[in-house]
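Remarks on the overall topology
Here are the chains, one letter per residue:
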Amino acid sequence: MRGKSLMVMGTASSVGKSVLCSAFLRIMKQDGYKVAPFKAQNMALNSFVTKDGLEMGRAQVTQAQAAGVEPDVRMNPVLLKPTSDRRSQVIVDGKAIGTMTAMEYHRYKPALRERIKATYEVLESTVDCVVIEGAGSPAEINLRAGDIVNMSMAESADAPVLLVGDINLGGVFASLLGTVMLLTDEERARVKGVIINKFRGDVKILEPGLKMLEERIHIPVLGVVPWMDVGLEDEDSVTERFSRMMGQGDLDVAVVKLKHISNFTDFQSLSLQPGVKVRYAQSAKEIENADLIVLPGTKNTIEDLIDLRNRGLDAAIIRHARKGGMVIGVCGGYQMLGRKLHDPDHVESRVPELAGLDLLDMEVTFAKEKETAQASGVVDASGWLASSNGILVDGYEIHAGQNQFGEKALPWLRIGNRVDGVMNERGNVLGSYLHGLFDDGQLFAAIAAHIRKEKGIDTETQFPMTLDEYREREFDRIADIVRASVDMDAIYRIVRGEV
C-alpha cells in the first residue's frame with residue numbers, strides 16, 4: 001500500500017475532521033501500516049515547535065502522535081496565525097515570512113501551490129499512506145480559484161475523499177447534499193464515501209435518511225460515528241473547552257480567556273490532576289474565588305493586555321496576587337506579569353510601550369525574530385518550590401520577547417545556563433516561556449500541594465498519568481469507536497484504488 005492517500009473533508013469547520021483523521025491514523029498504525037498526517041494550510045494559534053526548531057499546527061502534531069511518528073513540519077507546510085481580525089502571520093515550511101491581510105495572502109497563495117505539492121510528494125514517498133485533512137468546506141465556491149487545501153490538494157495528491165457531516169449541529173443531510181451538489185463533476189467523482197459524525201441516539205432512526213441521501217448523491221454512507229467526548233488537544237479556539245468545567249475537586253484553576261489566546265493546549269493536563277477543576281474565565285467576577293489564576297500565551301501580548309484592562313481583569317489579577325493567591329503566566333501571559341513591555345519595532349502592536357501588571361520585577365522587549373526551539377528546563381528555586389529542585393520539564397519555546405530581570409525577580413526554572421522562569425519574592429507569582437510546562441504532572445502536583453497547604457488542606461501529593469499516557473489511551477479509545485462505526489474494509493479498498 002506504499003504511497004497511498006486518503007483525504008478527509010467536511011461540510012464546515014469543526015465537524016470533527018481532525019479527530020477522525022487521528023482515529024484513522026491510529027487504526028492504520030494498529031493494522032501495521034506506516035502512516036503520516038498532512039494538512040496543506042492550517043489557521044490556528046495552537047502551534048508546536050519540532051526538533052528542528054520549526055513551527056507547525058498543533059492538530060497535525062496530535063495526528064502524528066496518533067500515527068506513532070515524530071512531528072515533521074512537512075505535515076503542515078503553511079500555518080496562519082491570526083494577529084488581529086484582519087491580519088495573520090504567515091509561516092511557510094516552519095518559518096515566519098511576514099504578516100499579511102486576507103487579500104494579500106489570497107494573492108500570494110498561488111505561489112505556494114507547487115511548493116506544497118513538492119512537500120507532500122516527499123512525505124508521501126516515506127509512508128504507506130498519508131491521511132490528508134481539508135479545511136472548512138470544499139464547497140466555498142468563492143474561494144475555489146485560490147484553493148490550496150481542499151479539492152486542489154486532493155487533485156495534487158490524487159487522493160480519494162471522505163466527506164464528513166456533523167449531525168449534532170442539525171441539518172446534516174442538507175449540508176452533505178448541498179456540499180456535493182456545489183462540487184464540479186470532477187470533484188464529485190473524488191468523493192468515495194460519506195461519514196456522519198457526532199450522532200447521539202439509535203442509528204436505526206437514521207436509516208431512512210441515509211438511504212435517501214445515498215439515492216440523491218450516489219455516494220455510499222460508510223458509517224455513523226457516535227458522539228465522542230474527546231480529550232485530545234484542540235486545533236484552535238473553536239472549542240467547547242472555553243464554556244465548560246474540566247475535572248472536579250477542591251482546587252479551582254481559572255485560565256484567563258484572552259482575545260488572541262494561543263497554545264491553550266498547555267493546560268490540557270491540569271484537569272487530569274486529582275482533585276483539580278479547570279475553567280476559562282472572561283470577567284473579573286469569574287476569577288474572584290480561584291485558587292490559581294493562569295495567564296496563557298497570546299499572539300498579541302500588548303493588545304490582549306489592553307483588553308484585560310478594558311474588562312477590569314488586570315485589577316482583579318493584581319488583587320488576587322497581593323492577597324497571596326497564586327498566579328502563573330506562560331509565554332505571553334508571563335510577559336504581562338512584568339513592569340513594562342517595549343515594542344519599538346512594532347512587532348506586535350502600534351503601541352511602543354505599555355505598563356505591565358507589575359507582579360514580576362522584569363521588563364520585556366519584543367525582537368523582530370521569534371525564538372522557536374524545543375527545550376528542557378530544570379527547576380532550580382528557593383523558598384517553597386525548593387523541594388521540587390531537579391524536576392525536569394520538557395517543552396518548547398515560541399516567543400519574540402526578550403526579558404530583562406531586576407533584583408527582585410527570583411529564578412525558579414533554568415534552561416541550560418539561562419534563566420527562563422522567575423517568581424516574585426513571596427513565591428506566589430511565577431512565569432515561564434516553556435510551553436508544555438505541566439505535561440508530565442510532576443511540577444503541577446507540587447504547585448497543587450503548596451496551594452492546598454496554604455488553604456489548610458492536608459492531602460498527600462498524588463501523581464496522575466502523564467499527558468503522553470493520556471493521549472495514548474484516547475487514541476486507542478477513539479480508534480476502537482471509529483473502527484466499530486465505519487466500514488474500514490471499504491475505506492481500505494478506497495485507499496488502494498479499488499473503488
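So, here's what we can say about the structure. What you see is a predicted model; the values in this text were computed from it and never measured.

Right, let's talk about the overall build of the protein for a bit. Scanning the protein for helices and strands turns up 15 helices and 26 strands. For the protein, the proportion of its 499 residues judged to be buried stands at 57%. Contacts spanning at least 24 positions in sequence make up 74% of the contacts within the protein whose residues lie at least 6 apart. A distance of 2 Å separates the average location of the 59 positive side-chain charges in the protein from that of its 70 negative side-chain charges.

Strand order in the open sheet formed by 4 strands is S3-S6-S7-S8, and the pairing between neighbours is mixed. Every other strand in the sheet has two partners, leaving strand S3 (41-43) and strand S8 (95-101) as the edge strands with one partner each. When the angles between neighbouring strand axes are averaged without regard to direction, this sheet yields 25 degrees. Alignment of strand S7 (residues 87-92) against S8, held across 6 bridges, turns out to be antiparallel. What sits directly across from Ser88, in S8, is Met100.

Moving on, we come to the packing of aromatic side chains. Where two aromatic rings form a pair, the distance of their centres and the angle of their planes describe that pair. Tallying each qualifying case throughout the model produces 6 aromatic pairs. Arranged with centres 5.1 Å apart and planes meeting at 65 degrees, the rings of Tyr334 and Tyr433 form a pair that is edge-to-face. Of this pair, Tyr334 sits in helix H12 (residues 332-336) while Tyr433 sits in the loop between strand S26 (429-432) and helix H13 (442-455), and the two are 99 residues apart along the sequence. On the basis of relative accessible area, Tyr334 is assigned to the buried category, the value being 0%. In this arrangement the basic side chain of Arg200 is found over the ring face of Trp227, its NZ or CZ atom lying 3.9 Å from the centre.

One open sheet accounts for 6 strands, arranged S2-S9-S1-S10-S11-S12; its pairing is parallel. The open sheet terminates on both sides in strands that have one partner only, identified here as strand S2 (35-38) and strand S12 (221-226). Neighbour-to-neighbour, the strand axes of the sheet open up by a mean angle of 20 degrees, direction not taken into account. As defined by bridge partners, S2 adjoins strand S9 (residues 129-133) across 4 bridges and the pair is classed as parallel. Bridging from a neighbouring strand, Phe38 pairs with Ile132 of S9. Most of the contacts of helix H6 (residues 172-181) go to strand S10 (residues 161-166), to which it runs at about 145 degrees, and overall it touches S10 and strand S11 (191-199).

The next subject is the packing of helix H2 (residues 58-67) against helix H14 (residues 467-485). Where H2 contacts H14, the axes come no closer than 10 Å and their chain directions differ by 75 degrees. Between H2 and H14, the angle is such that the two are roughly perpendicular. Within the contact between the two elements, H2 uses Arg58, Thr62, Gln65 and Ala66 and H14 uses Arg471, Glu472 and Phe475.

With that settled, the discussion passes to the pairing of strand S16 (residues 276-281). With 5 of its 6 residues buried, S16 lies for the most part within the structure. Pairing between strand S13 (residues 246-247) and S16: 2 bridges, direction antiparallel. Counterpart to Gly247 in the pairing with S16 is Lys277.

A few words now on the pattern of salt bridges. Counted according to the given criterion, the structure contains 26 salt bridges. With its nearest N and O atoms 2.8 Å apart, the salt bridge here joins Arg74 to Asp72. By relative accessible area, Arg74 is classed as partly exposed at 29%. A salt bridge links Lys340 to Glu353; its shortest N-O distance comes to 3.5 Å. Of this pair, Lys340 sits in strand S20 (residues 340-342) while Glu353 sits in strand S21 (residues 353-355), and the two are 13 residues apart along the sequence. Judged by relative accessible area, Lys340 falls into the partly exposed class, the value being 33%. The network of salt bridges with shared partners includes Arg26, Glu472 and Asp476.

Size it by volume and the second largest pocket reaches roughly 1000 Å³. Around the second largest pocket, the lining is made up of 43 residues, and of these Thr83, Thr99, Lys299, Val347 and Glu348 lie nearest the centre. Mapped by element, the contributors of at least two residues to the lining of the second largest pocket are S7, S8, helix H10 (301-310), H12, strand S22 (362-379) and strand S23 (392-405). Tallied by class, the residues present in the lining of the second largest pocket amount to 8 nonpolar, 20 polar and 15 charged.

With 6 of 8 residues buried, helix H15 (residues 488-495) is to be regarded as a mostly interior element. Those residues of H15 that fall on the buried side of the exposure criterion are Met488, Ala490, Ile491, Tyr492, Ile494 and Val495. Among the residues of H15, the N-terminal cap falls to Asp487, whose side-chain oxygen and the backbone nitrogen of Asp489 are separated by 3.3 Å. Looking one or two residues past H15, Gly497 carries a phi angle of roughly 80 degrees, positive in sign.

About the thresholds
Throughout, residues of each chain are indexed from 1 in the direction in which the sequence is written. It should be noted that, the model being predicted, local features are given only for residues of pLDDT at least 70 and side-chain atom pairs only at 80 or more, the latter also being counted only at that level, while totals for whole chains, interfaces and linings use all residues. The basis for every side-chain value is the complete set of non-hydrogen atoms in the structure, without hydrogens or water. The secondary structure listing takes helices from DSSP runs of H or I that are at least 4 residues long and strands from runs of E that are at least 2 residues long, numbered from the N terminus. To sort residues, take the accessible area from a 1.4 Å probe on protein chains only and compare it with the maximum for the residue type: under 20% means buried, over 50% means exposed, and anything in between is partly exposed. Between two residues, a contact is recorded if the distance between any of their heavy atoms is within 4.5 Å. His residues and chain termini do not enter the charge count, which takes Lys and Arg as positive and Asp and Glu as negative. Each charge is placed at NZ for Lys, CZ for Arg, CG for Asp and CD for Glu. Pairing between strands is defined by DSSP: at least two bridges between the two strands are required. A fitted line through C-alpha atoms serves as each axis, taken over the contacting stretch for helices, and the angle formed by two N-to-C directions is quoted from 0 to 180°. For Phe, Tyr and Trp, where Trp contributes only its six-membered ring, two rings pair if their centres lie within 6.5 Å, and the inter-plane angle classes them as stacked under 30 degrees, edge-to-face over 60, or tilted in between. Charge-over-ring placement is defined geometrically: NZ (Lys) or CZ (Arg) within 6 Å of the ring centre, and within 35 degrees of the ring normal. Orientation labels follow simple angle bins: below 35 degrees gives roughly parallel, above 145 gives roughly antiparallel, 65 to 115 gives roughly perpendicular, and whatever is left gives oblique. Think of a salt bridge as a Lys or Arg side-chain nitrogen and an Asp or Glu carboxyl oxygen that are within 4 Å of each other. Lining residues are those with an atom within 4 Å of a point, where the points come from a 1 Å grid over the protein atoms alone and group into cavities, where a 1.4 Å probe fits but cannot get out, or pockets, open sets with protein on both sides within 12 Å along at least five of seven lines. Grid points are joined across faces, edges and corners, and a volume is the space filled by probe spheres set on the points. For this scheme, ten residues count as nonpolar: Ala, Val, Leu, Ile, Met, Phe, Trp, Tyr, Cys and Pro. Four count as charged, namely Asp, Glu, Lys and Arg, and the remainder, Gly too, count as polar. Residues adjacent in sequence count toward polar contacts only when both atoms are side-chain atoms; beyond that, a polar contact is any pair of N or O atoms within 3.5 Å, and within protein one must be able to donate a hydrogen and the other to accept it.

By themselves these figures say nothing about function.
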